[in-house]
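The residues making up each chain are set out below.
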Amino acid sequence: MACEVFQRPETWDASAADYELNAEPFTRQYAARALQLAGGVRRGEAVLDIAAGTGALAVQAAEAGAAVLATDFSPGMVSRLSARLQAGAFTPASRAEVMDGQALAISDSAFDAAFCIFGVMMFPDPPRGLSEMRRVLKPGGRAVVATWSDPFGGGPSPLFMRTFRTMFPDETPPAFPAYIERWTDLFLLGEDMQAAGFSTVEVSAWTGVWTLASVEAARSSMVRFFGRQPAYAQLTPEQQAAIGDAFAARLPVMADGQVRIESSANFAVARA
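Residues numbered from 1 in each chain as written. Predicted model: local features only at pLDDT ≥ 70, side-chain atom pairs only at ≥ 80, totals over all residues. Heavy atoms only, no water.

J.: Pulling in residues and values, what's your account of the overall build of the protein chain?
T.: A count of helices and strands for the protein chain gives ten helices and seven strands. Principal-axis analysis of the C-alpha atoms gives the protein chain an extent of 55 × 40 × 35 Å. Each of the 272 residues in the protein chain was classed as buried or not, and the buried ones make up 51%. Of the contacts formed within the protein chain by residues at least 6 apart in sequence, a portion of 76% connects residues at least 24 apart. When the accessible surface of the protein chain is totalled, it reaches about 11,400 Å², and 52% of it is carbon and sulfur. (Helix = DSSP H or I, 4+ residues; strand = E, 2+ residues; numbered from the N terminus. Buried < 20%, exposed > 50% of the residue type's maximum accessible area, 1.4 Å probe, protein only. Contact = heavy atoms within 4.5 Å. Areas by Shrake-Rupley, 256 points an atom, 1.4 Å probe, with all protein chains shown as cover.)

J.: I'd like to hear about the environment of Ser204, residue by residue, with values.
T.: By secondary structure assignment, the location of Ser204 is in strand S6 (residues 199-212). Residue Ser204 is classed as partly exposed on the basis of its relative accessible area, which comes to 25%. Taking C-alpha positions, Ser204 is 8.6 Å from Val269, a pair spaced 65 residues apart along the chain. Every residue in contact with Ser204, bar those within four places of it in the chain, is listed here: Leu37, Leu186, Ala265, Asn266 and Phe267.

J.: Pulling in residues and values, what's your account of the side chain of Gln102?
T.: Along the chain, the position of Gln102 falls in the loop between strand S3 (95-98) and strand S4 (111-117). Within the structure, the side chain of Gln102 is placed 2.7 Å from the backbone nitrogen of Asp125, a separation counted as a polar contact. In this structure, Gln102 is in contact with Phe123, Pro124, Asp125, Arg128, Gly129 and Glu132, ignoring residues within four places of it in sequence. (Polar contact = N/O pair within 3.5 Å; in protein donor to acceptor, adjacent residues only side chain to side chain.)

J.: Would you mind going over the sheet that holds strand S1 (residues 46-50) in detail, with residue names and values included?
T.: What the seven strands build is an open sheet, ordered S3-S2-S1-S4-S5-S7-S6; its pairing is mixed. Looking along the sheet, the strands with just one partner apiece sit at the ends: S3 and S6. Neighbour to neighbour, the strand axes of the sheet diverge by 20° on average, direction disregarded. In the packing of helix H8 (residues 215-226) onto the sheet, the strands contacted are S6 and strand S7 (259-271), and the crossing angle to S6 comes to about 125°. (Pairing = 2+ DSSP bridges. Axes fitted to C-alpha atoms, helices over the stretch in contact; angles between N-to-C directions.)

J.: Any chance you could break down the pattern of salt bridges for me, citing the residues and the numbers?
T.: Scanning the model with the defined rule gives 14 salt bridges in all. Taking the shortest distance from any N to any O, the salt bridge between Arg95 and Glu97 comes out at 2.9 Å. A salt bridge links Arg182 to Glu191; its shortest N-O distance comes to 3.9 Å. A cluster of three or more residues bridged by salt bridges with shared partners is formed by Glu20, Glu24, Arg28, Arg80 and Arg84. (Salt bridge = Lys/Arg side-chain N within 4 Å of Asp/Glu carboxyl O.)

J.: Could you give me a rundown of helix H7 (residues 186-195), with the residues and numbers involved?
T.: All of the buried residues in H7 are Leu189, Gly190, Asp192 and Met193. Here the buried residues of H7 occupy an arc of 160° about the axis, which is enough to place them on one side. Every exposed residue of H7 that faces more than 90 degrees away from the buried side is listed here: Phe187 and Ala195. Against helix H4 (126-135), strand S5 (137-148), helix H6 (178-182), S6 and S7 lie the buried residues of H7. One or two steps after H7, the chain reaches Gly197, where phi turns positive at roughly 105°. (Arc of directions from axis to C-beta.)

Keep in mind that these numbers describe shape and distance, not what the molecule does.
Printed below as a string of structure tokens:
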């Protein structure tokens, strides 16, 4: 399936620098919301960040004094996050490691809190990822999972995807893993958390704002992201340019030239 491109470590290795620059300022809002929903983290608490990327949540938790283990299957993401954790004035216990979120190399009942911000929805086997998250939490430990409320993701991605489908209805569009769409339904997200063994599951939606400096920056970001998708790469240069033009024309632009797009995310908050 085309969506498998997002389930390969090398895809994220190649985009680590771009992700930190353009995506993390956006996802950091949702990481802050997740920490808030969990009641915050306290100094010395053992906190796990699964599919941590370049550190939107891990760095904030470390700044609060938690002992953070940030995991990701992408060595490129982990390398960048390791450098950030080592450079910050954080507890020496905070670190990043390459790890499969579906098979965590962590003992049972090891963490006070665990988070996954827009990660487990991308796994080949999301229910297994939730079960692993539950396994490594101490009894009563807090868990927060964030997913997108739109089946085409967050930020400018839904607009880009819908532009693609409108312009080329006969072409196979870029594909995302199935659980992104499944968990747009808050009930199903909560149901799957319960099936993984979590209790007192509460679900809610929350809206943040994706911002980039200009239309061209937004266009370039999307072209780099979807350029790895076979469905996009197989188009002619003229077709790719046409999509880029149509996408750029539809972007909401502020008076200062910035692009601002509201994006809603679904959150599940639970106890082990």
